[in-house]
Amino acid sequence: MGRRPVDDMARLSVRVPRGRQGIWETLRALTAGGASASLPEILDGSAEAHKSTIRTYLRCLEAAGIVAREEGDGVRYRLLRDPGPEAPRLRRDGSPAQHSLGTEQMWRVLRMASALDARELAVTASTEEHPVALDTARAYLRALDRAGYLAVVEPGRPGHKVGTGHLTVYRLINNTGPLPPQIQRIKAVWDQNLRAHVGEGVIEGREHE
């Protein structure tokens, strides 16, 4: 397929996040209508500053069968299938990243549930192929709580004997959309629906959660 016109490239000057989400949004825009895109074009259209990051992600997408690499007048990339606006979270071999699937499952449960604690979230969000650990659910709830997505329905309390005490019960109060908020390495929450960081970074967890 052909290159995108220069005026189409100019319209890609909207602000996009860095990292894989920004690369993916730029790639989708550049290849709309069956067009193809080169690595330099993706670099120019996204907020990502490093070619190596883009190249690595394109290899993941190629391994997953989402993009095709075309040789000719330079190397270009074309979408074979479009899984949607959320950047596919992939390992280097193209297989889905299990952590991202767990996050998607937890967010889906939170949007449907009236109130739950970390243990209930872990159990409900788990599947046979992709189980969610209690610690994972606890960390996700803590981060969302700090960012203002949740309200505490019942504070947790420690038990002095086995079977006593309980975990904090939360309720979702800020449902921004279907895409799961991502907890980044700095423990900040990136909301893909709002395209913004929400709340402050999580440094330490709250006790008895």
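Residues numbered from 1 in each chain as written. Predicted model: local features only at pLDDT ≥ 70, side-chain atom pairs only at ≥ 80, totals over all residues. Heavy atoms only, no water.

## Thoughts on the pairing of strand S3 (residues 76-79)
Within a regular strand, the side chains alternate between the two sheet faces. For strand S1 (residues 37-38) and S3, the ladder comprises two bridges, and the chain directions are antiparallel. What sits directly across from alanine 37, in S3, is tyrosine 77. Between strand S2 (residues 67-70) and the antiparallel strand that follows it, S3, lie five residues; glycine 72 among them carries a positive phi value of about 150 degrees. (Pairing = 2+ DSSP bridges. Helix = DSSP H or I, 4+ residues; strand = E, 2+ residues; numbered from the N terminus.)

## Details of the pattern of salt bridges
Counted according to the given criterion, the structure contains six salt bridges. The shortest N-O distance in the salt bridge between glutamate 104 and arginine 89 comes to 3.5 Å. With glutamate 104 in helix H5 (residues 98-112) and arginine 89 in the loop between S3 and H5, this residue pair connects regions lying 15 residues apart in the sequence. With a relative accessible area of 22%, glutamate 104 lands in the partly exposed category. (Salt bridge = Lys/Arg side-chain N within 4 Å of Asp/Glu carboxyl O. Buried < 20%, exposed > 50% of the residue type's maximum accessible area, 1.4 Å probe, protein only.)

## Here's the deal with the environment of valine 189
With respect to the helices and strands, the residue valine 189 is situated in strand S7 (residues 189-191). Placed 42 residues apart in sequence, valine 189 and alanine 147 show a C-alpha to C-alpha distance of 6.9 Å. For valine 189, the residues in contact, after removing those within four places along its chain, are Ala143, Leu144, Ala147, Tyr149, Pro181, Gln182, Ile183, Ala196, His197 and Val198. (Contact = heavy atoms within 4.5 Å.)

## Things to note about the nonpolar core
Most often, soluble globular proteins keep nonpolar side chains buried together rather than apart. Leu110, Leu121, Leu144 and Tyr149 are the most contacted members of the largest nonpolar core, which has 23 residues in total. Among the elements of the structure, H5, helix H6 (118-125), helix H7 (134-146) and strand S5 (169-172) are those that each provide at least two residues to this core. With five residues, the single largest contributor to this core is H7. The residues touching leucine 144, leaving out its near neighbours within four places in the chain, are Trp107, Leu110, Tyr149, Leu150, Pro181 and Val189. Counting residues in hydrophobic clusters, the runner-up holds 19 residues, among them Ala37, Ile54, Leu61 and Leu90. (Core = buried A, V, L, I, M, F, W, Y, C linked by side-chain atoms within 4.5 Å.)

## Focus on the sheet that holds strand S8 (residues 196-198)
Strand order in the open sheet formed by three strands is S6-S7-S8, with antiparallel pairing between adjacent strands. Two strands in the sheet have a free side with no partner beyond their single neighbour: strand S6 (182-183) and S8. Across two bridges, the pairing between S6 and S7 is antiparallel. Each residue of the ladder has a partner; that of isoleucine 183, found in S7, is valine 189.

## Digging into the environment of leucine 58
Mapped onto the secondary structure, leucine 58 falls in helix H4 (residues 51-63). As a C-alpha pair, leucine 58 and arginine 20 span 38 residues in sequence and 9.6 Å in three-dimensional space. Once you skip the residues sitting within four places of it in the chain, leucine 58 turns out to touch Leu27, Leu39, Ile42, Val67 and Tyr77.

## Focus on the packing of aromatic side chains
According to the stated counting rule, one finds one aromatic pair in the structure shown. Taken together, a centroid distance of 6.0 Å and an interplanar angle of 90 degrees make the contact between tryptophan 107 and tyrosine 149 edge-to-face. Of the two residues, tryptophan 107 is situated in helix H5 and tyrosine 149 in the loop between H7 and strand S4 (150-154); the sequence distance between them amounts to 42 residues. The residues tryptophan 107 and tyrosine 149 share a single accessibility class, namely buried. (Phe/Tyr/Trp six-rings, centres within 6.5 Å; stacked < 30°, edge-to-face > 60°.)

## Notes on the sheet that holds S3
Pairing in this open sheet of three strands is antiparallel, and the strands run S1-S3-S2 from one edge to the other. Every other strand in the sheet has two partners, leaving S1 and S2 as the edge strands with one partner each.

## Points about the packing of H6 against H7
Direction vectors running N to C along H6 and H7 enclose 115 degrees, while the axes themselves pass 8 Å from each other. In the packing of H6 onto H7, the handedness of the crossing is right-handed. The residues of H7 that touch H6, namely those facing Ala118, Arg119, Leu121 and Ala122, are Leu134, Ala137, Arg138 and Leu141. Here the contact of H6 with H7 is built from residues that sort into six nonpolar, no polar and two charged. (Axes fitted to C-alpha atoms, helices over the stretch in contact; angles between N-to-C directions. Left-handed = near helix turned anticlockwise from the far one by under 90°. Nonpolar A, V, L, I, M, F, W, Y, C, P; charged D, E, K, R; others polar.)

## Topic: the pairing of S2
Taken together, the four bridges between S2 and S3 define a ladder with antiparallel strand orientation. Pairing of valine 67 across the sheet is with leucine 79, part of S3.

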